[in-house]
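# A structural walkthrough
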Amino acid sequence: MIVVFLGPPGSGKGTQADFLHENYGFTHFDTGSRLREEIASGSELGRRIASYTDQGNLVPIEVIRDLVTTFFETNFERRVLFDGFPRNLEQAEVLTTCLADSGLSLDCAIYLEIDSDSLVQRIVNRRFCPKCGEIYNLISRPPAHDEVCDKDGARLVLRRDDTEEVFRNRLAVYDQQTRPVLEYYRAKDQLKTVDGDDQIETVSASIVRLLELDGIYAP
Ligand code: AMP
């Protein structure tokens, strides 16, 4: 089963992707995390990537194409969830081609629709664990102990592109470049919409229902 998550930054894609990974065995292909790993490695490519991500702009297509083709070549699994990709129409075509070349097709694109007023609050309160990548929100999903990860005790951090100023640009980039991807999948009759303003558990339940996953995986 191949699924794409679409929605603005802060709509909960990462949280729901973690849920599908942990409970239903999906491989979570997350371009944002892969780019952050490259930045953390201190490589020259990482420095180039950071010059885009620090401003909230999309990194060039060659970088994304490399990540995606490597993923398809090396570790393609039975259940895959694409999160943060595709982010524009060119990338949507890359995915369609890679899937077709592998004899696969997309099952559905899930749009986490959310009221944009709540996004800034979600983002400035978002924290993540630099060790395991777990995502928290100080208001809606706080860690058990003050800003440390429940899983490994590492101190949680704010992503450097989660400041209000950079976030506003990420939102503008989303509107201009990623929103048309919704229409791309709608035209193929593959787009399903979920109310991302609901509680985390309610959104997860909607996704499970929509993908008809109930009872088919025993973690
Ligand atoms: P995310 O973790 O998905 O919010 O992504 C963080 C940042 O990484 C984005 O603001 C972009 O600068 C960059 N990025 C992530 N995924 C992509 C992509 N598919 N195409 C281009 N840039 C991306």
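Residues numbered from 1 in each chain as written. Predicted model: local features only at pLDDT ≥ 70, side-chain atom pairs only at ≥ 80, totals over all residues. Heavy atoms only, no water.

### A short note on the nonpolar core
The condition that has to hold: By convention a nonpolar core is built from buried Ala, Val, Leu, Ile, Met, Phe, Trp, Tyr and Cys residues, the set being connected through side-chain atoms within 4.5 Å. Three labels apply to residues, based on accessible area from a 1.4 Å probe with only protein chains included: buried if under 20% of the type maximum, exposed if over 50%, partly exposed otherwise in between. Strands here are runs of E lasting at least two residues and helices are runs of H or I lasting at least four, both read from the DSSP assignment and numbered beginning at the N terminus. Only heavy atoms matter for contacts: two residues are in contact if any of them lie within 4.5 Å across the pair.
Val 4, Leu 6, Phe 72, Phe 82, Leu 95 and Tyr 185 are the most contacted members of the largest nonpolar core, which has 32 residues in total. Secondary-structure elements contributing two or more residues to this core are strand S1 (2-6), helix H2 (31-40), helix H3 (44-53), helix H4 (61-74), strand S3 (80-83), helix H5 (89-101), strand S4 (108-113) and helix H7 (164-187). Examining the composition of this core, we find that 6 residues originate from one element, H4, more than from any other. In contact with Phe 72, other than residues within four places in its own chain, are Phe 82, Leu 95, Cys 98, Leu 99 and Ser 102. Grouped together as the second largest cluster of nonpolar side chains are 16 residues, Phe 5, Ile 110, Leu 112 and Leu 213 included.

### Describing the site of the ligand
What counts, and what does not: We call a residue near a molecule or strand when any one of its heavy atoms sits within 4 Å of it. Pairs of N or O atoms within 3.5 Å make up the polar contacts considered here, provided that, within protein, one atom can donate a hydrogen while the other can accept it, and that residues adjacent in sequence are counted only when both atoms are side-chain atoms. Computed with a 1.4 Å probe, the accessible areas rest on the Shrake-Rupley method; for each residue, only the protein chains presented here act as cover. By the convention adopted, Pro, Cys, Tyr, Trp, Phe, Met, Ile, Leu, Val and Ala count as nonpolar, Lys, Arg, Asp and Glu as charged, and the other residues, Gly among them, as polar.
Close to the ligand lie 16 residues, the nearest being Thr 31, Arg 36, Asn 57, Gly 84 and Gln 91. At 2.6 Å, a backbone N or O of Asn 57 approaches an oxygen atom of the ligand. In this structure, a nitrogen atom belonging to the ligand sits 3.0 Å away from a side-chain N or O atom of Arg 87. Protein burial of the ligand: of its 480 Å² of free accessible surface, 94% is covered by the chains. Element by element, the count of residues in the shell around the ligand is highest for H2, at 4 residues. A per-class count over the shell around the ligand returns 5 nonpolar, 6 polar and 5 charged.

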